[in-house]
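Listed below, chain by chain, are the residues.
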Amino acid sequence: MVNNIAIEKAKTSKIHEVDFDNLSFGSVYTDHMLVCDYKNGEWEAPKIVPYQPITLDPSAKIFHYGQSIFEGMKAYKDEDGKVFLFRPLENFKRLNKSAERLAIPQLPESFFMDGLHALIQLESDWIPTNAGSSLYIRPFIFASGNGFHASPANEYKFIIACAPSGSYFSGKVKVLIEETYSRAANGGVGYAKAGGNYAGQFYPTKLAADKGYQQVIWTDDNAHEYIEEAGAMNVFVRINDTLMTAPTNDRILDGITRKSILDIAKDEGIKTEVRKISVHELVEAAKNGSLKEMFGAGTAAVVSPISGFGYHGEDYTLPELTNSYASMLKKRITDIQYNRAEDKFGWRYPVQ
Ligand code: PLP
Ligand code: COI
């Protein structure tokens, strides 16, 4: 059920200008967006308006102090045209967890869920059906209130924008294990989906790209001894037949794909371990052949196989497997998302 969300419809649609057969990731946007303002100590009723630029005062605090958080989700269409979201309440809860850490006011659940539902219903023609495509959904909140004083703003905007999208990565990803820079520190904002966490990664990621790596694998900020996560993904490692991933902590984003993959792997009878994984262990396993696979997991990236990693000036290449965990797990999670398989965990959320 969608509770009365006011809708101002776009006069014309841009949908016919979009080449749905050649979608990149997140670069064309649908006709409408959801907007909700926080003013005078409360969130005002969300409304749907035509997709449009936002006007802000140059003193808006987002520009100066980076009070900005976001989420990433997808809408999927099945063969019969039915539309689904995947565990949307988890994104809502994480948005408010991020909001708390960035001193942004908590958003009411109904504003998020009803607003999201109404927007996806309205934009359902924009959900691509080509293999690997979906409607990427970007909910975000930022400080729109003014002032150079370094303190939380008194006004915010919550927006949901949508972009029909293809794959995030084309092909396998080669990663560099980071030894100098850190993404996050104990007591910091690493567990929040804060815009600044990504800005801080761009420079080290560019240095890695200059050396031929598409992503950085972040390590603990203390001694760069344990692997944590990649730019926009949690990381999984398969040593022999055990699948492992790092435990979440205040430096790591608690990924919804990560926890779903862990549940599916257990359901498949795969031995899983959530524990610290040292770079030393990874290098040894690569050398002795017990390192079978590595992959990243995230909403945008889904399950992205890692072809190899660089560390300390050496490159380690992973074997090509015919029956990889990555491809099996990707199939199982996308079959649930696209309504091609039974949803035994209750993760699908129909948008009717
Ligand atoms: N880690 C980071 C830093 C991310 O940006 C993302 C993407 O959202 C993830 C992990 C994966 O999280 P999720 O599976 O909830 O999309
Ligand atoms: C997502 O996976 O949805 C993300 O938010 C990653 C993003 C940085 C592209």
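Going by the structure above, here's the rest.
This one's a predicted model, so the numbers in the text were calculated from it and none came from an experiment.

The rules behind each value
- Residues numbered from 1 in each chain as written.
- Chains lettered and ligands numbered in written order.
- Predicted model: local features only at pLDDT ≥ 70, side-chain atom pairs only at ≥ 80, totals over all residues.
- Heavy atoms only, no water.
- Salt bridge = Lys/Arg side-chain N within 4 Å of Asp/Glu carboxyl O.
- Helix = DSSP H or I, 4+ residues; strand = E, 2+ residues; numbered from the N terminus.
- Buried < 20%, exposed > 50% of the residue type's maximum accessible area, 1.4 Å probe, protein only.
- Core = buried A, V, L, I, M, F, W, Y, C linked by side-chain atoms within 4.5 Å.
- Contact = heavy atoms within 4.5 Å.
- Near = heavy atom within 4 Å.
- Polar contact = N/O pair within 3.5 Å; in protein donor to acceptor, adjacent residues only side chain to side chain.
- Areas by Shrake-Rupley, 256 points an atom, 1.4 Å probe, with all protein chains shown as cover.
- 1 Å grid on protein atoms, 1.4 Å probe; cavity = no way out; pocket = protein on both sides within 12 Å on 5 of 7 lines; lining within 4 Å.
- Sits in = over half its atoms within 2 Å of the grid points.
- Nonpolar A, V, L, I, M, F, W, Y, C, P; charged D, E, K, R; others polar.

Participant: Teacher, can you tell me more about the pattern of salt bridges here?
Facilitator: Side chains carrying opposite charge are able to pair once their charged atoms draw close together. Considering all chains together, one arrives at 23 salt bridges under this definition. One salt bridge in this structure joins Arg-251 and Glu-228, with 2.5 Å as the shortest N-O distance. Taken together, the residues Arg-251 in the loop between β14 (242-245) and α5 (256-267) and Glu-228 in strand β12 (residues 227-230) connect sequence positions 23 residues apart. Just as Arg-251 is buried, Glu-228 falls in that class too. Notably, a salt bridge pairs Arg-340 with Asp-335, separated by 2.8 Å at the nearest N-O pair. Judged by its relative accessible area of 11%, Asp-335 is buried.

Participant: How do you make sense of the nonpolar core when you look at a structure like this?
Facilitator: Among soluble globular proteins, nonpolar side chains are generally buried collectively. Membership of the largest hydrophobic core comes to 41 residues, with the highest contact counts inside it found for Trp-43, Phe-112, Ile-120, Ile-137 and Phe-158. Counting only elements with at least two residues in this core, the list comes to β2 (32-39), β6 (73-77), β7 (83-86), α2 (88-101), α3 (109-122), β8 (134-143) and β9 (156-165). In terms of residue count, the dominant contributor to this core is α3 (seven residues). If near-sequence neighbours (up to four positions away) are discounted, Phe-112 is found in contact with Met-73, Pro-88, Asn-91, Phe-92, Leu-95, Leu-107, Pro-139, Phe-158 and Ile-160. Listed in part, the 25 residues of the second largest apolar core include Val-279, Leu-282, Leu-291 and Tyr-311.

Participant: Whenever I open this one, the site of ligand 1 confuses me. Can you help?
Facilitator: The local shell around ligand 1 holds 16 residues, among which Lys-193, Tyr-198, Glu-229, Thr-257 and Thr-299 are the closest. Within the side chain of Tyr-198, one N or O atom sits 2.5 Å away from an oxygen atom of ligand 1. One nitrogen or oxygen atom from the side chain of Thr-299 is found 2.6 Å from an oxygen atom belonging to ligand 1. Protein contact buries 97% of the 380 Å² of open area that ligand 1 shows by itself. Using a 2 Å cut-off from the grid points, one finds that ligand 1 occupies the largest pocket. Those elements that place two or more of their residues in the shell around ligand 1 are β13 (233-239), α5 and β16 (291-298). When the residues that make up the shell around ligand 1 are grouped by side-chain class, the tally is six nonpolar, six polar and four charged.

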